[in-house]
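Okay, here's what each chain looks like letter by letter:
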Amino acid sequence: MRKTSRLGVLFTAWILVASPGFGQGKQPQVLRRPPAVAVAGADSAQPKTPDGSGASYILDGLPMLLALHHDTEVGTNKPVDVYMLVIEMQVMNSDGNLEPVGLQIHNYYTRFVQDPRNAFSPYDARDCRIWFYLQNRAMKNRNPKLGTWPYIELVTAVGARVIQTNEDGQVWWSDDIQCWGSSDRFPPF
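Procedures and definitions
Residues numbered from 1 in each chain as written. Predicted model: local features only at pLDDT ≥ 70, side-chain atom pairs only at ≥ 80, totals over all residues. Heavy atoms only, no water. Disulfide = S-S within 2.5 Å. Helix = DSSP H or I, 4+ residues; strand = E, 2+ residues; numbered from the N terminus. Buried < 20%, exposed > 50% of the residue type's maximum accessible area, 1.4 Å probe, protein only. pLDDT = per-residue confidence, 0-100. Contact = heavy atoms within 4.5 Å. Polar contact = N/O pair within 3.5 Å; in protein donor to acceptor, adjacent residues only side chain to side chain. Phe/Tyr/Trp six-rings, centres within 6.5 Å; stacked < 30°, edge-to-face > 60°. Salt bridge = Lys/Arg side-chain N within 4 Å of Asp/Glu carboxyl O.

Student: Could you give an account of the state of the cysteines, with specific residues and numbers?
Tutor: Counted by the stated rule, this structure contains 1 disulfide. There is a disulfide in this structure between cysteine 128 and cysteine 179, and the S-S distance comes to 1.9 Å. Judged by the sign of its S-S torsion, about 85°, the cystine formed by cysteine 128 and cysteine 179 is right-handed. Here the residue cysteine 128 occupies a position in helix 2 (residues 124-140), and cysteine 179 occupies one in strand 8 (residues 177-184), the gap between them amounting to 51 residues. Classification of cysteine 128 by relative accessible area gives buried; the value is 1%.

Written as structure tokens, this is what we have:
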């Protein structure tokens with residue numbers, strides 16, 4: 001086979017392997033918290049675990065995306081700044097319950113607390129932003145010889161309050177969420 005023909009075959013093979021059909025085996029699964037629309041007669045604003053139970057839990061995994069945009073409240077059209085924090089679940093904890101690895105959970109919460117004068121921790125949204133950037137930097141600069149990997153944790157309070165927005169649907173008030181970073185012994189997938 002001539003050299004140019006071999007290069008053509010290799011280039012074609014590379015195109016096939018790099019195409020979306022041959023890339024990742026499947027698209028990432030996505031879960032939204034809280035649900036965009038309240039379900040009549042259900043307590044849909046309550047945090048849900050990926051298995052659908054109503055238990056609140058600590059969500060931990062890789063910080064994938066943090067986006068801030070402007071929205072408005074339904075009915076009043078008052079401006080509301082909304083964060084979307086996407087966390088991809090990874091193998092964490094050794095409790096025997098395996099997390100659905102690769103599930104991307106899109107978490108929506110306000111930039112500002114509902115009542116700044118009475119909020120227990122009025123800077124939770126800011127803290128999430130800080131931890132998002134710290135953990136991404138730690139992952140990027142991680143020494144490959146270390147036995148732990150950085151991740152982010154998001155906790156949503158049981159009974160977390162929501163506000164209904166025009167574009168994002170239901171979002172949690174940031175008084176009812178909390179973030180921090182940590183490390184785990186399991187490498188990300």
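Student: Which residues make up the confidence of the model for the chain, and what are the values?
Tutor: Of the residues in the chain, 69% reach a pLDDT of 70 or more, and the chain-wide mean stands at 78. Of the regions scoring below 50 in pLDDT, residues 1-24 engages in 4 contacts with residues more than four places distant in sequence or in other chains. Low pLDDT (under 50) marks residues 41-55, which in the prediction has 35 contacts with non-local residues, meaning those over four places away or in another chain.

Student: Explain the side chain of aspartate 176 residue by residue, including any values.
Tutor: Summarising the element assignment, aspartate 176 is placed in the loop between strand 7 (169-172) and strand 8. Among the polar contacts made by the side chain of aspartate 176, one reaches the main-chain amide nitrogen of arginine 161 at a distance of 2.8 Å. Setting aside anything within four residues of it in sequence, one finds aspartate 176 in contact with Val155, Thr156, Ala157, Ala160 and Arg161.

Student: Now, about unusual backbone geometry: what can you tell me, with residues and values included?
Tutor: A cis amide bond, omega -15°, links arginine 33 with the succeeding residue proline 34. Relative to the helices and strands, proline 34 resides in the loop between strand 1 (30-33) and strand 2 (58-72). A positive phi angle, near 60°, is found at asparagine 77, a position not held by glycine. For asparagine 77, the position within the fold is in the loop between strand 2 and strand 3 (79-89). Given the relative accessible area of 53%, asparagine 77 is considered exposed.

Student: Summarise the packing of aromatic side chains; cite the residues concerned and give the values.
Tutor: One pass over the full model with this rule turns up 2 aromatic pairs. Taking 5.6 Å as the distance between ring centres and 35° as the angle between the ring planes, the aromatic pair formed by tyrosine 83 and tyrosine 109 counts as tilted. Here tyrosine 83, found in strand 3, pairs with tyrosine 109, found in strand 4 (residues 104-110); they are 26 residues apart in sequence, far enough to count as distant. The exposure class of tyrosine 83 is buried, given its relative accessible area of 4%.

Student: Lay out the pattern of salt bridges with the relevant residues and their values.
Tutor: Counting across every chain of the model gives 4 salt bridges. A salt bridge links arginine 111 to aspartate 81; the nearest nitrogen and oxygen atoms lie 3.3 Å apart. Within this pair, whereas arginine 111 is found in the loop between strand 4 and helix 2, its partner aspartate 81 is found in strand 3, the two being separated by 30 residues in sequence. Relative accessible area serves as the criterion here: at 15%, aspartate 81 is assigned to the buried category. Between arginine 161 and aspartate 176 there is a salt bridge, with the nearest N and O atoms lying 2.9 Å from each other.

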